[in-house]
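# Architecture and fold: a report
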Amino acid sequence: MSFQMADNMRKGGWHVAAACSIVLTAGLAHAGDPLVEEGRELVELNCSNCHAVGVRDASPHDQAPPFRTLSRRYPLDALEEAFAAGHITSGHPDMPDFVARPDQVEAILAYIDTIQED
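A brief look at the structure comes next.

Thresholds, definitions, all that
- Residues numbered from 1 in each chain as written.
- Predicted model: local features only at pLDDT ≥ 70, side-chain atom pairs only at ≥ 80, totals over all residues.
- Heavy atoms only, no water.
- Axes fitted to C-alpha atoms, helices over the stretch in contact; angles between N-to-C directions.
- Helix = DSSP H or I, 4+ residues; strand = E, 2+ residues; numbered from the N terminus.
- Parallel < 35°, antiparallel > 145°, perpendicular 65-115°, else oblique.
- Left-handed = near helix turned anticlockwise from the far one by under 90°.
- Contact = heavy atoms within 4.5 Å.
- Nonpolar A, V, L, I, M, F, W, Y, C, P; charged D, E, K, R; others polar.
- Expected span 1.5 Å × (residues − 1).
- Buried < 20%, exposed > 50% of the residue type's maximum accessible area, 1.4 Å probe, protein only.

Running from N to C, helix α4 (residues 76–84) and helix α5 (residues 102–114) point in directions that differ by 160°, and their axes come no closer than 10 Å. Here α4 is positioned roughly antiparallel relative to α5, judged by the angle of their axes. Crossing geometry of α4 relative to α5 is assigned as right-handed. In this structure, α4 contributes Leu 76, Leu 79, Glu 80 and Phe 83 to the contact, and α5 contributes Val 105, Ile 108, Leu 109, Ile 112 and Asp 113. The residue makeup of the contact of α4 with α5, split by class, is seven nonpolar, no polar and two charged.

So this is what it looks like as structure tokens:
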């Protein structure tokens, strides 16, 4: 990821947060896909305290964009690059680092892709 893209992501407030929360699941078309389900579980566990990670929920943190709108702000492959670099951070101090293994990154992005709004 370029330094400019990383800087834009930090300024835009994109971040991954840690904690648990109840969220809505992805559409029925992806129900049962093990990779998507793993990604859903990972974002529920690690991200939902701040981010809306479902198809209709609201973000508990006012600076945390809903995951279903991320493709409007960033190319999803840029998120893969950010995860591959070690972690995703944001411009605000309460954002924890989240480090994921490559297989977890694949699962998270598979899930996020299934909930993107048009």
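Its 13 residues place the ends of α5 19 Å apart at the C-alpha level, agreeing with the 18 Å of an ideal helix rising 1.5 Å per residue. Among the residues making up α5, those that are buried are Gln 104, Val 105, Ala 107, Ile 108, Leu 109, Ala 110, Tyr 111, Ile 112 and Thr 114. Where α5 is buried, its residues contact α2 (34–46), α3 (70–73) and α4.

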